[in-house]
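Each chain, letter by letter, is given below.
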Amino acid sequence: MDKRKMQERETEDQAQDDEATRQPKATAAAPKKSSGLLPFMVDALVVVVIAVIASFAVVRYAPQDQTERPPEPQKFAYVDMERLSREHILGLTEQARSGEIDAEEITKRTREFAQALMTGISAVSEQGVIVFNANALASVPATTEDLTQTLQEQLQKSGQMAIRKSKQASP
């Protein structure tokens, strides 16, 4: 009988071992309970880091405030284009009458004059000055610059504008 009891016990032990290996232990698989404070602190730290990065990006890459310094006042000037054109044509006419130039050359020189005049006006505009035609203005402030004389002298020095001889003789 002893043998039989031993066999039964072995069979029972083996059955218990098989059953134990099939079912996991409840204590080993159960997760530990943690306090709610640690996840909250981790989340708060992540939010703070993201806020710092976002603040740095806004300060570094956002457009700068342009209200710190006032914009420069706009500059204006005017030119009496009609007067300059009239002076040129009268000078060319005098030269043609005196035989210095051919009558056919008047058109060519007038075209060159008009191009040089527009180039001179464009050069002033490139400096940030708005240039008006004096004949189109009703009134201008005294501070507005008249470029007529300056452009006339430049054009005459470069040979692009004819010079009237009769005007030079009279005061």
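> What should I look at first to understand the packing of helix H4 (residues 81-98) against helix H6 (residues 148-158) in this one?
Pairs of packed helices are described in terms of their axes, by the angle between the two and the distance that separates them. Contact pair H4 / H6: the axes reach a minimum separation of 10 Å and the direction vectors enclose 30°. The pairing of H4 with H6 is recorded here as roughly parallel in orientation. Where H4 crosses over H6, the two elements pack in a sense that is right-handed. Contacts between H4 and H6 involve Arg83, Leu84 and Glu87 on the former and, on the latter, Thr148, Gln149, Leu151 and Gln152. When grouped by side-chain class, the residues that make up the contact of H4 with H6 number 2 nonpolar, 3 polar and 2 charged.

> Looking at this model, I keep getting lost on the sheet that holds strand E3 (residues 145-146). Mind explaining?
Pairing between sheet strands relies on hydrogen bonds along the backbone, with the strands arranged either parallel or antiparallel. Reading across the sheet, the 3 strands line up as E2-E1-E3 and stay open at both edges, with parallel pairing between neighbours. One side of each edge strand has no neighbouring strand; the edge strands of this open sheet are strand E2 (129-133) and E3. As paired elements, strand E1 (residues 75-79) and E3 share 2 bridges and run parallel to each other. When the bridges of E3 are listed, tyrosine 78 appears paired with aspartate 146.

> Whenever I open this one, the packing of aromatic side chains confuses me. Can you help?
For any two aromatic rings, the description comes down to two numbers: the centre-to-centre distance and the angle of the planes. Evaluated as defined, the whole model comprises 1 aromatic pair. Ring geometry for phenylalanine 76 versus phenylalanine 132: centroids 5.8 Å apart, planes at 25°, classification stacked. With a gap of 56 residues between them, phenylalanine 76 in strand E1 and phenylalanine 132 in strand E2 connect regions that are remote in the sequence.

> What's the story with the packing of H4 against helix H5 (residues 105-125) in this structure? I'm lost.
Contact pair H4 / H5: the axes reach a minimum separation of 11 Å and the direction vectors enclose 150°. With respect to H5, the axis of H4 lies roughly antiparallel. Crossing handedness for the pair H4 and H5: right-handed. Between H4 and H5, the contacting residues are Met81, Leu84, Ser85, His88, Ile89, Leu92, Gln95 and Ala96 on the first element and Ile106, Arg109, Thr110, Phe113, Leu117, Met118 and Ile121 on the second. When the residues that make up the contact of H4 with H5 are grouped by side-chain class, the tally is 10 nonpolar, 4 polar and 1 charged.

Rules of the game
- Residues numbered from 1 in each chain as written.
- Predicted model: local features only at pLDDT ≥ 70, side-chain atom pairs only at ≥ 80, totals over all residues.
- Heavy atoms only, no water.
- Axes fitted to C-alpha atoms, helices over the stretch in contact; angles between N-to-C directions.
- Helix = DSSP H or I, 4+ residues; strand = E, 2+ residues; numbered from the N terminus.
- Parallel < 35°, antiparallel > 145°, perpendicular 65-115°, else oblique.
- Left-handed = near helix turned anticlockwise from the far one by under 90°.
- Contact = heavy atoms within 4.5 Å.
- Nonpolar A, V, L, I, M, F, W, Y, C, P; charged D, E, K, R; others polar.
- Pairing = 2+ DSSP bridges.
- Phe/Tyr/Trp six-rings, centres within 6.5 Å; stacked < 30°, edge-to-face > 60°.

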